[in-house]
Amino acid sequence: MPNTIYLANPYGFSAQQKESLLPPIIAALESLGLEVWEPFARNNQVDFQRAGWAYRVGQQDFADVVAADAIFAVVNGVPPDEGVMVELGMAIALGKPTFLFRDDFRRATDSEEYPLNLMLFTGIPEQDWMDYYYTSLGEITAPDKALAQWASSTV
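Residues numbered from 1 in each chain as written. Predicted model: local features only at pLDDT ≥ 70, side-chain atom pairs only at ≥ 80, totals over all residues. Heavy atoms only, no water.

Enquirer: Which residues make up the nonpolar core, and what are the values?
Expert: If you look at the biggest cluster of nonpolar residues, it comprises 22 residues, and the most contacted ones within it are Ile-5, Ile-25, Leu-29, Phe-72, Phe-99, Ile-140 and Leu-147. Elements supplying a minimum of two residues to this core: strand 1 (4–8), helix 2 (22–31), strand 3 (70–74), strand 4 (98–101) and helix 7 (146–154). Considering every element that reaches this core, the biggest residue donor is helix 7, with five residues. Apart from the residues within four sequence positions on either side, Ile-5 is in contact with Leu-29, Leu-34, Glu-35, Val-36, Trp-37, Ala-70, Ile-71, Phe-72, Phe-99 and Leu-147. (Core = buried A, V, L, I, M, F, W, Y, C linked by side-chain atoms within 4.5 Å. Buried < 20%, exposed > 50% of the residue type's maximum accessible area, 1.4 Å probe, protein only. Helix = DSSP H or I, 4+ residues; strand = E, 2+ residues; numbered from the N terminus. Contact = heavy atoms within 4.5 Å.)

Enquirer: So what about a nonpolar patch on the surface? Which residues, and what values?
Expert: Side chains of Phe-62, Val-66 and Leu-94 sit close together on the surface and give an oily, nonpolar patch of about 240 Å² of accessible area. Mapped onto the fold, Phe-62 is located in helix 4 (residues 53–67). (Patch = residues over 30% accessible without salt bridge, like charges linked within 9 Å, V, L, I, M, F, W, Y side chains within 5 Å. Areas by Shrake-Rupley, 256 points an atom, 1.4 Å probe, with all protein chains shown as cover. Salt bridge = Lys/Arg side-chain N within 4 Å of Asp/Glu carboxyl O.)

Enquirer: Give me helix 5 (residues 82–93): which residues, what numbers.
Expert: Helix length check: helix 5 (12 residues) gives 16 Å between terminal C-alpha atoms against 16 Å at 1.5 Å per residue, within 8%. Buried residues of helix 5: Val-84, Glu-87, Leu-88, Met-90 and Ala-91, and no others. Taken down its axis, helix 5 places every buried residue within 160° of arc, on the same side. Opposite the buried face of helix 5, at more than 90 degrees from it, the exposed residues are Glu-82, Val-86 and Ala-93. Looking at the buried side of helix 5, the elements it contacts are strand 1, helix 4, strand 3 and strand 4. The backbone nitrogen of Gly-83 lies 3.0 Å from a side-chain oxygen of the residue at the head of helix 5, namely Asp-81. The first or second residue beyond helix 5 is Gly-95, which carries a positive phi of 75°. (Expected span 1.5 Å × (residues − 1). Arc of directions from axis to C-beta. Polar contact = N/O pair within 3.5 Å; in protein donor to acceptor, adjacent residues only side chain to side chain.)

Enquirer: Report on the environment of Pro-80, specifying residues and quantitative values.
Expert: By the secondary structure assignment, Pro-80 is in the loop between strand 3 and helix 5. We classify Pro-80 as buried; its relative accessible area is 11%. Sequence-wise, Pro-80 and Arg-107 are 27 residues apart; in three dimensions their C-alpha atoms are separated by 11 Å. Contact partners of Pro-80, with chain neighbours within four places excluded, come to Val-75, Met-85, Arg-102 and Leu-116.

Enquirer: Help me get a handle on the pattern of salt bridges, residues and values and all.
Expert: For the structure shown, the criterion picks out three salt bridges. Between Asp-104 and Arg-102 there is a salt bridge, with the nearest N and O atoms lying 3.8 Å from each other. Note on Asp-104: relative accessible area 15%, which makes it buried. A single network of salt bridges, built from pairs that share partners, joins Arg-102, Asp-104 and Arg-106.

Enquirer: Got a sec to walk through the sheet that holds strand 4? Specific residues and values, please.
Expert: Strand order in the open sheet formed by five strands is 2-1-3-4-5, with parallel pairing between adjacent strands. Each edge of the open sheet is held by one strand with a lone partner, namely strand 2 (35–37) and strand 5 (133–134). Here four bridges tie strand 3 to strand 4, and the two strands are oriented parallel to one another. Counterpart to Phe-72 in the pairing with strand 4 is Phe-99. Helix-sheet contacts for helix 2 involve strand 1, strand 2, strand 3 and strand 4, and the interaxial angle to strand 1 is about 160°. Packing of helix 4 onto the sheet brings it into contact with strand 1 and strand 2, and relative to strand 1 it is tilted by some 140°. (Pairing = 2+ DSSP bridges. Axes fitted to C-alpha atoms, helices over the stretch in contact; angles between N-to-C directions.)

Enquirer: Account for the packing of helix 4 against helix 5, with residues named and values stated.
Expert: Contact geometry of helix 4 with helix 5 gives a least axis separation of 9 Å together with a crossing angle of 35°. Between helix 4 and helix 5 the crossing geometry is right-handed. Between helix 4 and helix 5, the residues in contact are Asp-61, Phe-62 and Val-65 and Glu-87, Met-90 and Ala-91, respectively. Its residues placed into classes, the contact of helix 4 with helix 5 shows four nonpolar, no polar and two charged. (Left-handed = near helix turned anticlockwise from the far one by under 90°. Nonpolar A, V, L, I, M, F, W, Y, C, P; charged D, E, K, R; others polar.)

Spelled out as structure tokens, the structure:
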């Protein structure tokens, strides 16, 4: 059974982004032998006309973060999407392996060392943190980066 990775991302809010940006990320993760849990795809069965739908979506996303083996968080934007940040925080608190993806060149930090708020890096090692940080689609499958090494050691 393949390991699961929760794909925290804001792309499901836009039909165009969902269609054009998600598939290549999912394909890259799947090519590493991982089962990708993309929250918008997993929660589309919710009846958005029914009272309490938002609570149920949040609870299901939380349950998926808890159950997944790791998290791959898309942290584009200044600041990054608040829902992604909550999911990432949960995964960090649970001690899940954490991988960050940002192909957005804008800096979102006061730190000279990290390109984002330093709290986003608390779930990855201090040394060689860049091995857990991805700035392009091609890097996702790079064998010398942490995600490919984690996927091959646990599958």
